[in-house]
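Examining the three-dimensional arrangement
One letter stands for each residue in the lines below.
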Amino acid sequence: MPAAAPPQVRRVLLPRQTVYRRVYPASTVAERTALLRAVALEGMRLYGTDITQRMYLVESAIAHPQEVAFCAAVPPESEGDHVVTLPATPALSLYHHGAYEDLPAAEKKLRAYARRHGLTPTGKLRRIYLEGPPQHKDPAKFVTQVALPLEEE
């Protein structure tokens with residue numbers, strides 16, 4: 001079987017999105033999974049969902065990766081505690097196919113690409129969960145968009 005092609009890095013514009021967002025310290029995949037599930041359920045119970053957007057994402061500050069913001073898409077008109085609107089943001093992006101434990105390698109690839117191309121990362125790295133445990137039992141089938149925001153040129 002031939003080796004899988006490396007993930008392709010692309011420049012994208014992450015869309016403006018309203019989310020229910022809670023920040024907690026979390027360093028392990030198990031902690032992050034449990035916290036994202038809890039925040040998503042809380043946000044849906046309080047505000048409903050916006051199925052026109054990516055439903056679940058996690059942000060971690062580039063300078064402080066252990067402090068994690070867990071986000072669930074809510075309708076754009078939502079207002080209240082922990083509801084924020086993420087601005088449209090230019091970013092480098094790649095799609096990671098595989099276990100969540102392998103995401104740090106994808107993040108390193110984005111940082112290396114930015115360095116090689118003279119781009120300046122800024123803000124919070126995003127992991128946008130597209131397919132995971134609800135759809136697949138096999139972690140090799142999980143799909144996560146990893147996005148590294150960039151300073152405007």
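How each quantity is defined
- Within each chain, residue numbers correspond to sequence positions counted from 1 in written order.
- Two thresholds apply to this predicted model, a pLDDT of at least 70 for residue-level local features and 80 or more for giving and counting side-chain atom pairs, whereas whole-chain, interface and lining totals are computed over all residues.
- Working from all heavy atoms in the structure, the side-chain values ignore hydrogens and water.
- Buriedness of a pocket was judged along seven lines, with at least five required to meet protein on both sides within 12 Å; pockets are open sets of points on a 1 Å grid over the protein atoms alone, cavities are sets where a 1.4 Å probe fits but cannot get out, and lining residues have an atom within 4 Å of a point.
- Grid points are joined across faces, edges and corners, and a volume is the space filled by probe spheres set on the points.
- Counting from the N terminus, the helices are DSSP H or I runs at least four residues long and the strands are E runs at least two residues long.
- In this classification, Asp, Glu, Lys and Arg are treated as charged, Ala, Val, Leu, Ile, Met, Phe, Trp, Tyr, Cys and Pro as nonpolar, and every other residue, Gly included, as polar.
- The rule is short: rings of Phe, Tyr and Trp, with Trp giving its six-membered ring, pair when the centres are within 6.5 Å, and they are stacked under 30 degrees, edge-to-face over 60, tilted in between.
- Buried, partly exposed and exposed residues are distinguished by accessible area as a fraction of the type maximum, computed with a 1.4 Å probe on protein chains only: under 20%, between the cut-offs, and over 50%, respectively.

**A closer look at the layout of surface pockets**
There is about 230 Å³ of room inside the second largest pocket. Those elements that provide at least two residues to the lining of the second largest pocket are helix H1 (29-47), strand S3 (56-61), helix H2 (103-116) and strand S7 (124-131). A per-element tally of the lining of the second largest pocket places H2 first, with three residues. Its residues assigned to classes, the lining of the second largest pocket shows eight nonpolar, three polar and five charged.

**Looking at the environment of Leu 125**
If you trace the backbone, Leu 125 turns up in strand S7. Along the chain, Leu 125 and Ile 62 lie 63 residues apart, while their C-alpha atoms are 6.1 Å from each other.

**Considerations on the packing of aromatic side chains**
A complete count under the given rule lists four aromatic pairs for this structure. Centroid distance Tyr 20 to Tyr 47: 5.9 Å. Interplanar angle 40°. Geometry classified as tilted. With Tyr 20 in strand S2 (residues 17-25) and Tyr 47 in helix H1, this pair connects stretches of sequence that are 27 residues apart. The exposure class assigned to Tyr 20 is buried, which follows from its relative accessible area of 2%. When the centroid spacing of 6.3 Å and the interplanar angle of 40° are considered together, the rings of Tyr 24 and Phe 70 count as tilted. With Tyr 24 in strand S2 and Phe 70 in strand S4 (residues 64-73), this residue pair connects regions lying 46 residues apart in the sequence. Using a relative accessible area of 26% as the deciding quantity, one classes Tyr 24 as partly exposed. What makes Phe 70 buried here is its relative accessible area of 0%.

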